[in-house]
Amino acid sequence: MSISMDGQVAIVTGAGRGLGRSHALALAARGAKLVVNDLGDENSVSENANAVVAEIVAAGGEAIAHGVSVADNAQVEDMVAKTMEKWGRVDILINNAGILRDKTFQKMALDDFRLVIEVHLMGTVNCTKAVWDIMREQQYGRVVFTTSSTGLYGNFGQANYGAAKMAVVGLMNTLHLEGSKYNIRVNCLAPAAGTAMTDGLMPQAVFDLLTPESVSPGVVFLASENAPSRAILCAGGGSFAVHKSFETQGISLLPDNVTAEGIADAWDAISNEDGMQDLQAGFEQTTKFAKLGAAKMGIDLGG
Ligand SMILES: NC(=O)c1ccc[n+]([C@@H]2O[C@H](COP(=O)([O-])OP(=O)(O)OC[C@H]3O[C@@H](n4cnc5c(N)ncnc54)[C@H](O)[C@@H]3O)[C@@H](O)[C@H]2O)c1
């Protein structure tokens, strides 16, 4: 099955270099018209974004640059307004822009915590909010958030980054539910790539293997018409995996053991992985607990 994005309009944030640049070039190669966003100077000019636009145009594509911060909502709204003026629609939004402010939690200033949340979480919220009504009206939208193995699993010295990266997973879970009736699909990418962000953090041979270009086919897939929704696609060096979160079946401690000691005594059963479930919405957990308790107590829940 070949994937075409002819006639579609895509916004990629933080696309002046690294993964974002590679995603923008890959989407443009499929025929999409690109808005290449990256941090700009005081005149909102991003030399890196301009260079990516020039590459796309030289290859026969269409692109414009927007040199502003995703953390500034007014500027994000301006970016989307300019996109609508030029092309009249937004089919694809790739939230990729990001920064690091690494320190152990003990040494981390709260301002650095807030800054990372502002760029990764609120930047993603700002951009997604700015295109949401447009995608609803079009009855079409493909939105990708960039999470990280740090959010999914943790990483020493990255409390702010990990919290922000897991926050976008929570955002995806609900926007998937709210967007599905409008044919808006929302997914996460968890990339691993040799870029300015990871320079010096991995051996050279690993850095060279984990190219941004080997990740971007994952973004093209998540942005395509037949994309899944609510998936977390992990990608690095041409290898791909899916992250899922499972919940154990659990047990009811009713009627006599609903105590901290009861939980301690039953810990093996509570955390037993047999029959683990990939719950699709928060209320499925509520329903499960109601059923477990009712079964234990012989209560008829009706329905
Ligand atoms: N490289 C990896 O292994 C890796 C792993 C997990 C997640 N990620 C995520 O992938 C994304 C891309 O990372 P990368 O490795 O290409 O990093 P990078 O530093 O090479 O590129 C990030 C780009 O985002 C831009 N940017 C930063 N703040 C911005 C803002 N407020 N508004 C607009 N643009 C902004 C930067 O100018 C830069 O061009 C980030 O969200 C990062 O957290 C990367």
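Now for a description of the structure that goes with this document. (Residues numbered from 1 in each chain as written. Predicted model: local features only at pLDDT ≥ 70, side-chain atom pairs only at ≥ 80, totals over all residues.)

**Considerations on the overall build of the protein**
- Across its full length, the protein holds 11 helices and eight strands.
- Taken along the three principal axes of its C-alpha coordinates, the protein extends 70 × 45 × 40 Å.
- Across the 303 residues of the protein, 38% fall into the buried class.
- Taking the contacts inside the protein whose residues are at least 6 apart along the sequence as the reference set, 67% of them involve residues at least 24 apart. (Helix = DSSP H or I, 4+ residues; strand = E, 2+ residues; numbered from the N terminus. Buried ≥ 20, exposed ≤ 12 C-beta atoms within 10 Å, placed from the backbone. Contact = placed C-beta atoms within 7 Å.)

**Looking at the packing of helix α4 (residues 110-138) against helix α6 (residues 159-179)**
- One way to put it is that α4 packs onto α6 with a least axis distance of 8 Å and a crossing angle of 20°. Relative to α6, the element α4 is oriented roughly parallel. Where α4 crosses over α6, the two elements pack in a sense that is right-handed. The residues of α6 that touch α4, namely those facing D112, F113, V116, I117, H120, L121, T124, V125 and T128, are N160, Y161, A164, K165, A167, V168, L171 and L175.
- Of the residues contributing to the contact of α4 with α6, the split by class is 11 nonpolar, four polar and two charged. (Axes fitted to C-alpha atoms, helices over the stretch in contact; angles between N-to-C directions. Parallel < 35°, antiparallel > 145°, perpendicular 65-115°, else oblique. Left-handed = near helix turned anticlockwise from the far one by under 90°. Nonpolar A, V, L, I, M, F, W, Y, C, P; charged D, E, K, R; others polar.)

**Here we look at the environment of D112**
- The topology assignment puts D112 in helix α4.
- By the C-beta count within 10 Å, which is 18 here, D112 ends up partly exposed.
- Separated by 11 residues in sequence, D112 and R101 have C-alpha atoms that sit 6.2 Å apart.

**Let's talk about the nonpolar core**
- Ranked by size, the top nonpolar core spans 65 residues in total, and within it A10, V12, A24, L27, L34 and V36 carry the most contacts.
- Ranked by residue count, the leading element in this core is α4, at eight residues.
- Apart from residues lying up to four places away in sequence, L34 is in contact with A10, V12, A24, L27, A28, I56, G61 and A63. (Core = buried A, V, L, I, M, F, W, Y, C linked by C-beta atoms within 7 Å.)

**Let's talk about the environment of N126**
- Residue position: N126 is located in helix α4.
- According to the C-beta neighbour criterion, N126 is buried, with 23 such atoms within 10 Å.
- In this structure, the C-alpha to C-alpha distance between N126 and N73, residues 53 residues apart in sequence, is 5.6 Å.
- Ignoring any residue separated from it by four or fewer positions in sequence, one finds N126 in contact with V70, N73 and V76.

**Digging into the pairing of strand β4 (residues 92-95)**
- Because side chains alternate across β4, one face comprises the buried residues I92 and I94, and the other comprises L93 and N95, equally buried.
- Two elements, strand β1 (residues 9-12) and β4, share three bridges in a ladder whose sense is parallel. Note that in β4 the partner of A10 across the bridge is I92.
- In this sheet, strand β5 (residues 141-146) lies alongside β4 in parallel orientation, the contact comprising four bridges. Note on β5: the bridge partner recorded for I94 is V144.
- Handedness of the crossover joining β4 and β5 through α4: right-handed. (Pairing = 2+ DSSP bridges. Right-handed = clockwise from strand over helix to strand, strands pointing away.)

**What to know about helix α2 (residues 47-58)**
- For α2, with 12 residues, the first-to-last C-alpha span of 16 Å sits near the 16 Å given by 1.5 Å per residue.
- Taken residue by residue, α2 has N48, A49, V52, V53 and I56 as its buried positions. Taken down its axis, α2 places every buried residue within 140° of arc, on the same side. Residues of α2 that are exposed and point more than 90 degrees away from the buried face comprise E47 and A58.
- The secondary structure elements touched by the buried residues of α2 are α1 (18-29), β2 (33-37) and β3 (63-66). (Expected span 1.5 Å × (residues − 1). Arc of directions from axis to C-beta.)

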